[in-house]
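# Descriptive analysis of the structure
What follows is the residue order along each chain.
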Amino acid sequence: MSADSLFQNVGAQALPVSDGDVVDTLAPLDKARDGMLALFASALNDELSGGWDNVAALVPSLAGTQPVADTFPGAPSPEHLAQRKFGFPCLFLSRDGQADIDEFTLWEDRFVQAWGLHYILNPLDVGNIRKLGDVLVRVATVCMQVVRNMRHLSYLRGAYPMPSWGISMWRIRNVNAGQAKFAGTDTPPTYAAMSMALETTELTGWNDELFPTFTGFAMSLGTGTSEGLISPIVQADSEVPLVLG
Amino acid sequence: MTLRDELLPTIWGIRAIPGQLGLRPHAVSLVTTTWSGAVTGEGTKTVTIVPLVESGGFPPKVRWLSDKEIAFGQLAGGAARVGPITPDFPGGGTSVATLTASAAATGQTRHLRITGPQHPSGALYAITGTDFSAALHFYITAIPVGSAQGP
């Protein structure tokens, strides 16, 4: 671990990065993305399975699937779609575009990030759009409620996961549902999809590693002259009592 | 037996001649990668390589597209076209299922690996287009995505 590190956090991303943070991918450095994706997928499968199972069985390409059959922590770009075998319906989540950085308080900055959440059914003909297309709006409203409640009981037994992701605030900016082409391409196929723009706020903070031997503090402030002291005027202690000597 | 059925073995052999003469310097393989982790890219990867060949194990033609073709096709720079590839027949050829990796499992990745003078160490390409419209040949269009991995 670097001794020269800033020992600061942005959301759940702590500096310095330690060897224990990763095994074979740096993905754990962005806990928010994988966590949010798992939360939304769990909530959608829990809330929508009841109706989904009956209708999906009538669409051969989706028979036997769950409302979210596959997840991908990235954008649904043509390059990704060309390289990986996707199971549909698939839920995609990625940091999308630029983040805004500004001062939140005197000692905290905030990192406001736009995200793209995409739910792609599959290319569907008009008959199957009638069967399944209306799930797109339901997907949006389930996600909306998950954001409102900041959790879902089907995910981590209903725990509030945002602190562990380093997310202080999140909100939905807008939603589009219907026929979609991705990454600006005009080439087929056209997908039945829901795209949601999310926004999260991650705050900076101190990494406790900066003060590895710190246990507490005590302060006593007085005043006086050569004739004597008036002490203490201000006295303060940390919550952890100091054991001196 | 149709005329196509009778022609395919002969065509497969004819398409090997440039390779026999050393005029097909680029080897082409289909690379399927499986990851042991929960997410593609995590855990141990297992690579399966299927050479794309004509008769005698000689590679098909590989041609890098011109700027005009790339512009009209809305392709990324460095896009390549592989083919003609002889369709499968009893005893040889390459099937549509092989080229589309239709048997691949969710989460697996599929690439084209091209090795030769253009890419001495090999390069991975993403298959962005297939042309199965003709009876006697297939074509693949691919764009470069990285250096070759695996064996």
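Relevant structure appears above.
Let me sum up the structure you'll find in this document. Keep in mind that what you see is a predicted model, and the values were worked out from it rather than measured. (Residues numbered from 1 in each chain as written. Chains lettered and ligands numbered in written order. Predicted model: local features only at pLDDT ≥ 70, side-chain atom pairs only at ≥ 80, totals over all residues. Heavy atoms only, no water.)

## Some details on the overall build of chain A
From N to C terminus, chain A includes 5 helices and 9 strands. Against the compact-globule benchmark of 18 Å for 245 residues, chain A has a radius of gyration of 25 Å, which places it well outside the compact range. Principal-axis analysis of the C-alpha atoms places the extent of chain A at approximately 95 × 35 × 30 Å. Taken across its 245 residues, chain A has 39% of its residues classed as buried. By sequence separation, contacts in chain A at least 24 residues apart represent 58% of the contacts at least 6 residues apart. (Helix = DSSP H or I, 4+ residues; strand = E, 2+ residues; numbered from the N terminus. Rg over C-alpha atoms; globule rule 2.2 N^0.38 Å. Buried < 20%, exposed > 50% of the residue type's maximum accessible area, 1.4 Å probe, protein only. Contact = heavy atoms within 4.5 Å.)

## What about the overall build of chain B?
If you tally the helices and strands in chain B, you get 4 helices and 7 strands. Helices (α) and strands (β) of chain B occur, in sequence order from the N terminus, as α-α-β-β-β-α-β-α-β-β-β. Here the C-alpha radius of gyration of chain B, 16 Å, is about what a compact globule of 151 residues would show, namely 15 Å. Taking the principal axes of the C-alpha coordinates as reference, chain B spans close to 50 × 35 × 30 Å. Looking at chain B as a whole, 36% of its 151 residues are labelled buried. The contacts of chain B with a sequence gap of at least 6 include a subset with a gap of at least 24, amounting to 60%. Taken as a whole, chain B presents about 7500 Å² of accessible surface, with 58% of it coming from carbon and sulfur. Taken as two groups, the 10 positive and 8 negative side-chain charges of chain B have centres that lie 6 Å from each other. (Areas by Shrake-Rupley, 256 points an atom, 1.4 Å probe, with all protein chains shown as cover. Lys, Arg positive; Asp, Glu negative; His and termini not counted. Charge placed at Lys NZ, Arg CZ, Asp CG, Glu CD.)

## Quick notes on the nonpolar core
Within the largest apolar cluster, 48 residues are counted, with the highest numbers of intra-cluster contacts made by Phe40 and Tyr119 of chain A. Of all elements in the fold, only α1 (31-56), β4 (90-103), β5 (109-122), α4 (135-149), α5 (162-165), β6 (169-180) and β7 (191-206) of chain A reach the threshold of two or more residues within this core. At 11 residues, α1 of chain A tops the list of elements feeding residues into this core. Apart from residues lying up to four places away in sequence, tyrosine 119 of chain A is in contact with Trp52, Pro67, Val68, Pro89, Cys90, Leu91, Val135, Leu136, Val139, Ala192, Ala193 and Met194 of chain A. Counting 16 residues, the second-largest nonpolar core is a separate cluster that includes Leu30, Leu52, Ile85 and Ala142 of chain B. (Core = buried A, V, L, I, M, F, W, Y, C linked by side-chain atoms within 4.5 Å.)

## Comments concerning the state of the cysteines
Note on terminology: disulfide describes a covalent bond linking the sulfur atoms of two cysteines. All names here are of chain A. All chains considered together, the criterion is met by 0 disulfides over all chains. Its sulfur unpaired, cysteine 90 is 13 Å from the next cysteine sulfur, which belongs to cysteine 143. Judged by its relative accessible area of 0%, cysteine 143 is buried. (Disulfide = S-S within 2.5 Å.)

## With respect to a nonpolar patch on the surface
Residues and elements named next belong to chain A. On the surface, a cluster of nonpolar side chains totalling about 680 Å² of accessible area is made up of Phe214, Phe217, Met219, Leu221, Ile230, Ile233 and Val234. Counting residues per element, the nonpolar patch draws most heavily on strand β9 (residues 228-237), at 3 residues. Topologically, leucine 221 is positioned in strand β8 (residues 218-225). You can call leucine 221 partly exposed: its relative accessible area is 47%. (Patch = residues over 30% accessible without salt bridge, like charges linked within 9 Å, V, L, I, M, F, W, Y side chains within 5 Å. Salt bridge = Lys/Arg side-chain N within 4 Å of Asp/Glu carboxyl O.)

## A short note on α1 of chain A
Helix length check: α1 of chain A (26 residues) gives 32 Å between terminal C-alpha atoms against 38 Å at 1.5 Å per residue, more than 12% under. Bending of α1 of chain A peaks at approximately 70° at the position of serine 49 of chain A. (Expected span 1.5 Å × (residues − 1). Bend = angle between axes of the 7 residues up to and from the residue.)

## Some remarks on the interface of chain B and chain A
Counting residues at the interface gives 20 residues for chain B, matched by 14 residues for chain A. Interface of chain B and chain A: buried area, both sides summed, is about 1200 Å²; carbon and sulfur atoms make up 50% of it. Our enumeration of links across chain B and chain A arrives at 7 residue pairs in polar contact (both at pLDDT 80 or more). Counting only elements with at least two residues in the side of chain B that touches chain A, the list comes to β5 (109-116), β6 (119-131) and β7 (138-147) of chain B. Class assignment of the residues belonging to the side of chain B that touches chain A gives a composition of 8 nonpolar, 10 polar and 2 charged. (Buried area = accessible area lost by both parts, 1.4 Å probe. Polar contact = N/O pair within 3.5 Å; in protein donor to acceptor, adjacent residues only side chain to side chain. Nonpolar A, V, L, I, M, F, W, Y, C, P; charged D, E, K, R; others polar.)

## Here's the deal with the packing of aromatic side chains
For the coordinates displayed, the defined rule picks out 8 aromatic pairs over all chains. Note on tryptophan 12 of chain B and phenylalanine 89 of chain B: the rings are 5.5 Å apart at their centroids and 80° apart in plane angle, and the pair reads as edge-to-face. Here phenylalanine 89 of chain B lies in the loop between β4 (80-85) and α4 (96-100) and tryptophan 12 of chain B lies in helix α1 (residues 3-14), a separation of 77 residues in the sequence. On the basis of relative accessibility, which here comes to 16%, the residue tryptophan 12 of chain B falls in the buried class. You can call phenylalanine 89 of chain B buried: its relative accessible area is 12%. Grouped by ring-pair contacts, the aromatic residues Phe40, Trp165 and Trp170 of chain A constitute a single cluster. If you follow arginine 84 of chain A out to its NZ or CZ, it ends over the ring of phenylalanine 86 of chain A, 4.6 Å from the centre. Over the ring of tyrosine 139 of chain B we find arginine 81 of chain B; its NZ or CZ atom is 3.8 Å from the centre of that ring. (Phe/Tyr/Trp six-rings, centres within 6.5 Å; stacked < 30°, edge-to-face > 60°. Lys NZ or Arg CZ within 6 Å of the ring centre and 35° of its normal.)

## Regarding the pairing of β6 of chain B
All names here are of chain B. Direction of pairing for β5 relative to β6: antiparallel, over a ladder of 4 bridges. Bridged to arginine 113 within β6 is leucine 124. Counted along the chain from β5 to the antiparallel partner β6, the turn is 2 residues long. (Pairing = 2+ DSSP bridges.)

## Comments concerning the pattern of salt bridges
Side chains that differ in sign of charge can pair as their charged atoms come close. Residues and elements named next belong to chain A. Here the structure, examined in full by the defined rule, presents 7 salt bridges over all chains. Here glutamate 202 and arginine 95 are joined by a salt bridge, their closest N and O atoms 3.1 Å apart. Highlighted residues: glutamate 202 in strand β7 and arginine 95 in strand β4, separated in sequence by 107 residues. Among the salt bridges present, the one from aspartate 102 reaches arginine 110, with a minimum N-O distance of 2.8 Å. You can call aspartate 102 partly exposed: its relative accessible area is 34%.

## Quick notes on α4 of chain A
All names here are of chain A. With 15 residues, α4 should reach 21 Å at 1.5 Å per residue; the first-to-last C-alpha distance of 21 Å fits that figure. All buried positions along α4 are accounted for by Val135, Leu136, Val139, Ala140, Val142, Cys143, Val146 and Val147. Considered in projection along α4, the buried side chains sweep an arc of 165° and stay on one side of the axis. Lining the buried residues of α4 we find α1, β5, α3 (126-132), β6 and β7. (Arc of directions from axis to C-beta.)

By themselves, these observations are geometric and do not establish any function.
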